[in-house]
Amino acid sequence: MNGAAIYDMIKEKYTRFYPLKSEFVYRLIEICRQVGISPFIHIIKDNRLYVCYENTESKAAEDFHREREGLRLKTYIHAPYSPNFGEAVYFTLLAEERKIREILAEIEREGLSKAQGLNFYGDIYNKGFYYLEICDKMASKKTGLHFLKEYSGAEEVYAFGDNLNDLPMLEEADMCFAVENAVDEVKKFCHRVIGRNTEDSVALTIKNITEDEF
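Residues numbered from 1 in each chain as written. Predicted model: local features only at pLDDT ≥ 70, side-chain atom pairs only at ≥ 80, totals over all residues. Heavy atoms only, no water.

**Q** Where do I start with helix 2 (residues 59–68) in this structure?
**A** At 3.6 residues per turn, the α-helix brings residues three or four places apart onto the same side. Considered for burial, the residues of helix 2 that qualify are Ala60, Ala61, Asp63, Phe64 and His65. Where helix 2 is buried, its residues meet strand 3 (40–45), strand 4 (48–53), strand 5 (74–78), strand 6 (87–96) and strand 8 (129–136). (Buried < 20%, exposed > 50% of the residue type's maximum accessible area, 1.4 Å probe, protein only. Helix = DSSP H or I, 4+ residues; strand = E, 2+ residues; numbered from the N terminus. Contact = heavy atoms within 4.5 Å.)

Next up, the structure:
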């Protein structure tokens, strides 16, 4: 979630996350409803990650939900947001460019972007659709990776990416890789381009690294 939360896989707990202010959460939900978008709202409660959403109004949103709903550490809730679910830390909006730009313009007009981190970029898997990802301004993939390096005591960090929102993280890494189906800017930036992310290329590269065959 672009550094909005850091989860320790060994201790099975969130070691750091940045909650969004409740007044911003409710206002953003209202703006989304006015435009006709149902955001995916990521929430943390009792060391569990939940994602609430009201509907999936496009095939792109349906695919986004279907590909993630079975993940072990993420539970989807088909219901309107409620603070009883936990603390909201991250919004994912996926829709046609026009709708996303309408929401982005309203956020800017009301001055809501000043305390938020915004990532706006095209969906490389669904032409004509765009993402708007929103978290606390202190959160980013770059700061998240920096924290992870210190937290784990790692001497080096390798990172993999495919889209523009990965660039800050890739810049922070000691070595970075782009998958073959990444956007051109990411492929030009990285040290090496590997296979497509639909071909287990990331897992195979990690395997080669850990087995000293890289």
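Past the structure itself, the notes keep going.
**Q** Help me out: how do you make sense of the nonpolar core in this one?
**A** Buried together is how nonpolar side chains tend to be arranged in soluble globular proteins. Judged by nonpolar contacts, the single largest core of 25 residues is most densely connected at Leu28, Ile41, Tyr81, Phe91, Leu93, Ile103 and Leu132. When contributions to this core are tallied by element, the ones reaching two or more residues are helix 1 (22–35), strand 3, strand 6, helix 3 (97–109) and strand 8. Ranked by residue count, the leading element in this core is helix 1, at seven residues. Among residues more than four places away in sequence, those in contact with leucine 93 are Cys32, Ile37, Pro39, Ile100, Ile103, Tyr130, Tyr131 and Leu132. By size, the runner-up hydrophobic cluster in this structure holds 17 residues, among which are Leu145, Met175, Phe177 and Cys190. (Core = buried A, V, L, I, M, F, W, Y, C linked by side-chain atoms within 4.5 Å.)

**Q** When you look at the sheet that holds strand 3 in this model, what are you seeing that I'm missing?
**A** Within a sheet, adjacent strands bond to each other through the backbone by hydrogen bonds, running parallel or antiparallel. Taken in spatial order, the six strands make up an open sheet running 5-4-3-6-8-7, and their pairing is mixed. Since the sheet does not close on itself, it has two edges, and those belong to strand 5 and strand 7 (116–122), each with one partner. Neighbour to neighbour, the strand axes of the sheet diverge by 20 degrees on average, direction disregarded. Relative to strand 8, strand 7 runs antiparallel, the two sharing seven bridges. Within strand 8, the residue paired with glycine 122 across the bridge is tyrosine 130. Together, strand 6, strand 7 and strand 8 form the strand contacts of helix 3, whose direction differs from that of strand 6 by roughly 135 degrees. (Pairing = 2+ DSSP bridges. Axes fitted to C-alpha atoms, helices over the stretch in contact; angles between N-to-C directions.)

**Q** In this structure, what is going on with the side chain of aspartate 162? I would like to understand it.
**A** Mapped onto the fold, aspartate 162 is located in the loop between strand 9 (158–161) and helix 5 (167–172). Here aspartate 162 is buried and forms no salt bridge, its nearest opposite-charge partner lysine 141 lying at an N-O distance of 6.4 Å. Here the side chain of aspartate 162 touches tyrosine 125 through a polar contact of 2.9 Å, side chain to side chain. (Lys, Arg positive; Asp, Glu negative; His and termini not counted. Salt bridge = Lys/Arg side-chain N within 4 Å of Asp/Glu carboxyl O. Polar contact = N/O pair within 3.5 Å; in protein donor to acceptor, adjacent residues only side chain to side chain.)

**Q** Can you help me understand unusual backbone geometry in this one?
**A** Negative phi values dominate among residues other than glycine, just as trans dominates among peptide bonds. A positive phi is found at aspartate 46, a non-glycine position, where the angle reads about 50 degrees. Owing to a relative accessible area of 67%, aspartate 46 belongs among the exposed residues under this scheme. At asparagine 47, a residue that is not glycine, the phi angle is positive and equals roughly 60 degrees. Mapped onto the elements of the fold, asparagine 47 is located in the loop between strand 3 and strand 4.

**Q** Is there a simple way to think about the pattern of salt bridges in this case?
**A** Side chains carrying opposite charge are able to pair once their charged atoms draw close together. Under the definition given, this model contains 16 salt bridges. For arginine 27, the salt bridge goes to glutamate 30, with nearest N and O atoms at 3.3 Å. Taken together, the residues arginine 27 and glutamate 30, both in helix 1 and three residues apart, mark about one turn of the helix. On the basis of relative accessible area, glutamate 30 is assigned to the partly exposed category, the value being 41%. As a salt-bridge pair, glutamate 171 and lysine 142 come within 3.8 Å of each other at their nearest N and O atoms. Taken together, the residues glutamate 171 in helix 5 and lysine 142 in helix 4 (residues 141–152) connect sequence positions 29 residues apart.

**Q** Would you take a moment to explain the pairing of strand 6 for this structure?
**A** Regular strands show a simple pattern: their side chains alternate between the two faces of the sheet. With eight of its 10 residues buried, strand 6 lies for the most part within the structure. Relative to strand 6, strand 3 runs antiparallel, the two being bridged by five bridges. Following the sheet pairing, histidine 42 is matched in strand 6 by tyrosine 90. Sheet topology places strand 6 next to strand 8; six bridges connect them, and they run antiparallel. Looking across to strand 8, one finds that alanine 95 is bridged to tyrosine 130.

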